[in-house]
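# A look at the structure
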Amino acid sequence: MDLHAIHTSGEEEFVSQAATLLAQKITDVIGERGECIIGLSGGSTPKPVYEALGKMPLPWDLVRCFLIDERYVSPTDTDSNQKLIRDALVAHARIREHNLFFPDTSLSIDACVEHYARDLMALFEDHLADIIILGMGNDGHIASLFPPLGEHLMDESRLVVHTQTHQFAVPDRITVTLNPIAAANQVVFLLRGMEKKKVWDEMMLDMEHERRWPAKRILASTKVTVVWG
Ligand code: 6PG
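It should be emphasised that the depicted structure is a prediction, and the values quoted were computed from it without experimental measurement. (Residues numbered from 1 in each chain as written. Predicted model: local features only at pLDDT ≥ 70, side-chain atom pairs only at ≥ 80, totals over all residues. Heavy atoms only, no water.)

### Comments concerning the layout of surface pockets
Within this model, the largest pocket holds a volume of roughly 350 Å³. Taken together, 20 residues line the largest pocket, and the ones lying closest to its centre are Gly42, Gly43, Arg71, Gly137 and His141. Residue composition of the lining of the largest pocket, grouped by class: 5 nonpolar, 11 polar and 4 charged. Sort the elements by how many residues they give to the lining of the second largest pocket and helix α3 (residues 81-90) lands first, with 4 residues. Looking at the lining of the second largest pocket residue by residue, the class counts come to 1 nonpolar, 5 polar and 5 charged. (1 Å grid on protein atoms, 1.4 Å probe; cavity = no way out; pocket = protein on both sides within 12 Å on 5 of 7 lines; lining within 4 Å. Points joined across faces, edges and corners; volume = space filled by probe spheres on them. Nonpolar A, V, L, I, M, F, W, Y, C, P; charged D, E, K, R; others polar. Helix = DSSP H or I, 4+ residues; strand = E, 2+ residues; numbered from the N terminus.)

### Here we look at the pattern of salt bridges
As enumerated under the stated definition, the model contains 13 salt bridges in all. In this structure, Glu97 and Arg86 form a salt bridge, with 2.7 Å as the shortest nitrogen-oxygen distance. Remark: Arg86 occurs in helix α3 and Glu97 occurs in the loop between α3 and β5 (100-101); sequence separation between them is 11 residues. Exposure remark for Arg86: the relative accessible area of 26% places this residue in the partly exposed category. For Arg158, the salt bridge goes to Asp155, with nearest N and O atoms at 3.4 Å. Here Arg158 falls in the partly exposed class, since its relative accessible area comes to 37%. What makes Asp155 partly exposed here is its relative accessible area of 29%. Overlapping salt bridges bring together Arg33, Glu35, Arg64 and Asp130 as one network. (Salt bridge = Lys/Arg side-chain N within 4 Å of Asp/Glu carboxyl O. Buried < 20%, exposed > 50% of the residue type's maximum accessible area, 1.4 Å probe, protein only.)

### Structural notes on the environment of His7
One can find His7 in strand β1 (residues 2-7). For His7, a relative accessible area of 56% translates into the label exposed. Sequence separation between His7 and Trp228 is 221 residues, and the spatial gap between their C-alpha atoms is 4.9 Å.

Here it is in structure tokens:
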């Protein structure tokens, strides 16, 4: 396991350390290979981090971003992850429109999944994701992979799937599957609050496998940094 932890205290420190870490990682990747492909999660935790990161003077035209998961709502809906990324990150960072990859939720959900899988296949043609940012729900979900993960979520041939949850206002989700996330060069978890710490510790002690704890596959496969707040 290649796991590093950064401990912060208070929202301000969490946001500035997380944004600085991500800026450094993006800069390093661009220095190594001339561009950076980054996968972004939604949720409340990363929003201020995306805002701070977007204000950093990075060569944003060399960054390509895709969503790890999306809620099946219009891109103008307050629950839309595309809206979150546009408002928090893209409003500040000059990322080119053709370098932004979002599921097209104006399509039927099956077509949306199919088109997004095709877009990601093209994005990953030469290189898989360099960096993926993840959060974790209190049930241990990452992306929109809600445990226990059903058989279709373990199908290695699928890049994107439709999942459903009844925990949140928007039940239908479009999510990248575990394999492409685990195949990223590195993953950064942004975790704030006691509840997340409790869930993470429970996962680390639990003998149950990745269908119960999808983050276990990530920990077993790639380099992981957790920023704790
Ligand atoms: C989403 C996510 C999801 C999120 C966790 C944690 O779009 O909701 O990608 O996996 O990261 O639910 O969310 P919070 O940061 O809001 O706790």
